[in-house]
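The chain contents come next:
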Amino acid sequence: MTVQLDSLPNDLQLRWQRHQADLQILRRRERQNAQDTADQLLKYPGYYFAAVARNQELLSQYADRPNLHWIPERWAQIFEKGGFSQVLAMLADEQGEQELLSSSPFYLMRPPLPENHFYQDYAPTQP
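In this text, all values refer to a predicted model and were calculated from it rather than measured experimentally. (Residues numbered from 1 in each chain as written. Predicted model: local features only at pLDDT ≥ 70, side-chain atom pairs only at ≥ 80, totals over all residues. Heavy atoms only, no water.)

Time to look at the side chain of His69. In this structure, His69 sits in helix H3 (residues 66-81). At 3.4 Å, the side chain of His69 and the backbone oxygen of Leu59 are in polar contact. Not counting chain neighbours up to four residues away, the residues in contact with His69 comprise Leu59, Tyr62 and Ala63. (Helix = DSSP H or I, 4+ residues; strand = E, 2+ residues; numbered from the N terminus. Polar contact = N/O pair within 3.5 Å; in protein donor to acceptor, adjacent residues only side chain to side chain. Contact = heavy atoms within 4.5 Å.)

Here it is, written out as C-alpha cells:
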C-alpha cells in the first residue's frame, strides 16, 4: 500500500521533502565522486596499479574476516578479468555499481596527488 504525499500531515510532508532533497544531494555527490575517480584514473596511470596493489594488501589484511574479505576478492576478479576498461565502465554506472564502488580500493585510498609517492611509484606503468 502506498500513501500519497499530499495525504500526509504537513510535518511529515516537509520531512519527506527534506529527505528527497538530501537524497538528491547524495546522488550528485556519488556521481561527482565517480567522475572524479575516472578522471584521476585517466590522468594518473599509476592510480589504477596502485589500487591493484592496495587491493592485494586488503586481501591479506581481511583473509580471516569473511564479512570483509569478499570485497577485495571481488575487486581482484574485476582487475583480473575486466581490468582498467571494466573499472571505467563501473564508474560510468555509479548507481548500478554503488555497493562495489563505495568499497573499492580507489575510494579507500587518497586521491592521486603529485606529492603522494605511493602513486608516483606506479606512474611509469601504463594501463
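Once that is clear, we can look at helix H4 (residues 83-92). The complete set of buried residues in H4 reads Gly83, Phe84, Val87, Met90 and Leu91. Along the long axis of H4, the arc covered by the buried residues comes to 120 degrees, so they all point the same way. Turned more than 90 degrees away from the buried face of H4 sit Ser85 and Ala92, all of them exposed. The inward-facing, buried residues of H4 contact helix H1 (10-43), helix H2 (45-61), H3, helix H5 (98-102) and helix H6 (105-108). (Buried < 20%, exposed > 50% of the residue type's maximum accessible area, 1.4 Å probe, protein only. Arc of directions from axis to C-beta.)

Our focus in this paragraph is the packing of H3 against H4. Orientation of H3 relative to H4, taken along the N-to-C sense of each, is 120 degrees, at an axis distance of 6 Å. Between H3 and H4, the angle is such that the two are oblique. For the pair H3 and H4, the contacting residues are Trp75, Ile78, Phe79 and Lys81 in the first and Gly83, Gln86, Val87 and Met90 in the second. Residue composition of the contact of H3 with H4, by class: five nonpolar, two polar and one charged. (Axes fitted to C-alpha atoms, helices over the stretch in contact; angles between N-to-C directions. Parallel < 35°, antiparallel > 145°, perpendicular 65-115°, else oblique. Nonpolar A, V, L, I, M, F, W, Y, C, P; charged D, E, K, R; others polar.)

The next thing to look at is the packing of aromatic side chains. One pass over the full model with this rule turns up seven aromatic pairs. When the centroid spacing of 5.4 Å and the interplanar angle of 85 degrees are considered together, the rings of Tyr48 and Phe79 count as edge-to-face. With Tyr48 in helix H2 and Phe79 in helix H3, this pair connects stretches of sequence that are 31 residues apart. For Phe79, a relative accessible area of 10% gives the class buried. With centroids separated by 5.5 Å and ring planes inclined at 85 degrees, the aromatic side chains of Tyr48 and Phe84 adopt a geometry described as edge-to-face. Separated by 36 residues along the polypeptide, Tyr48 in helix H2 and Phe84 in helix H4 bring together distant segments of the chain. (Phe/Tyr/Trp six-rings, centres within 6.5 Å; stacked < 30°, edge-to-face > 60°.)

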